[in-house]
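# Observations on the three-dimensional arrangement
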Amino acid sequence: EIDVAMKIKNKDEAKKLYHRLKGSAGNSGVMIIHELCISAEQMLAKDEWTMLAEVYGSILIQFELVKVEAAKL
């Protein structure tokens, strides 16, 4: 869903989705994704879509790393 919101630059939807992901990551103890979502929300507030795309890429990388670690459990 974030991918779609980013592609069409739907600021309201992206803000809602990053906020939801931030809460889920924080509640799960995945603080790197939580912090990246905080950065994403700040960039959305400033309409910094290019920087936001980089943060989104970092979130995707971290999510893959979390999946790898979770599979080890």
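The sections below set out a description of the structure shown in this document. (Residues numbered from 1 in each chain as written. Predicted model: local features only at pLDDT ≥ 70, side-chain atom pairs only at ≥ 80, totals over all residues. Heavy atoms only, no water.)

For the pair helix α3 (residues 31-45) and helix α4 (residues 49-72), the least separation of the axes is 9 Å and the interaxial angle reads 165 degrees. Here α3 lies roughly antiparallel to α4, going by the angle between them. As α3 packs across α4, the resulting crossing turns out to be left-handed. Across the interface between the two elements, I32, I33, L36, C37, A40, M43 and L44 of α3 pack against W49, M51, L52, V55, S58, I59, Q62, F63 and V66 of α4. (Axes fitted to C-alpha atoms, helices over the stretch in contact; angles between N-to-C directions. Helix = DSSP H or I, 4+ residues; strand = E, 2+ residues; numbered from the N terminus. Parallel < 35°, antiparallel > 145°, perpendicular 65-115°, else oblique. Left-handed = near helix turned anticlockwise from the far one by under 90°. Contact = heavy atoms within 4.5 Å.)

Let us now look at α3. An ideal rise of 1.5 Å per residue puts 21 Å on 15 residues; α3 measures up with 21 Å between its terminal C-alpha atoms. Along α3, the positions that sit buried rather than exposed are I33, H34, L36, C37, A40, E41, M43 and L44. Trailing α3 by a residue or two, D47 shows a phi angle of about 55 degrees, which is positive. (Expected span 1.5 Å × (residues − 1). Buried < 20%, exposed > 50% of the residue type's maximum accessible area, 1.4 Å probe, protein only.)

If you look at the biggest cluster of nonpolar residues, it comprises 19 residues, and the most contacted ones within it are M6, Y18, L52 and I59. Counting residues per element, this core draws most heavily on α3, which supplies 6 residues. Once residues lying within four places of it in the same chain are set aside, the contact partners of M6 are Y18, W49, L52, A53 and Y56. (Core = buried A, V, L, I, M, F, W, Y, C linked by side-chain atoms within 4.5 Å.)

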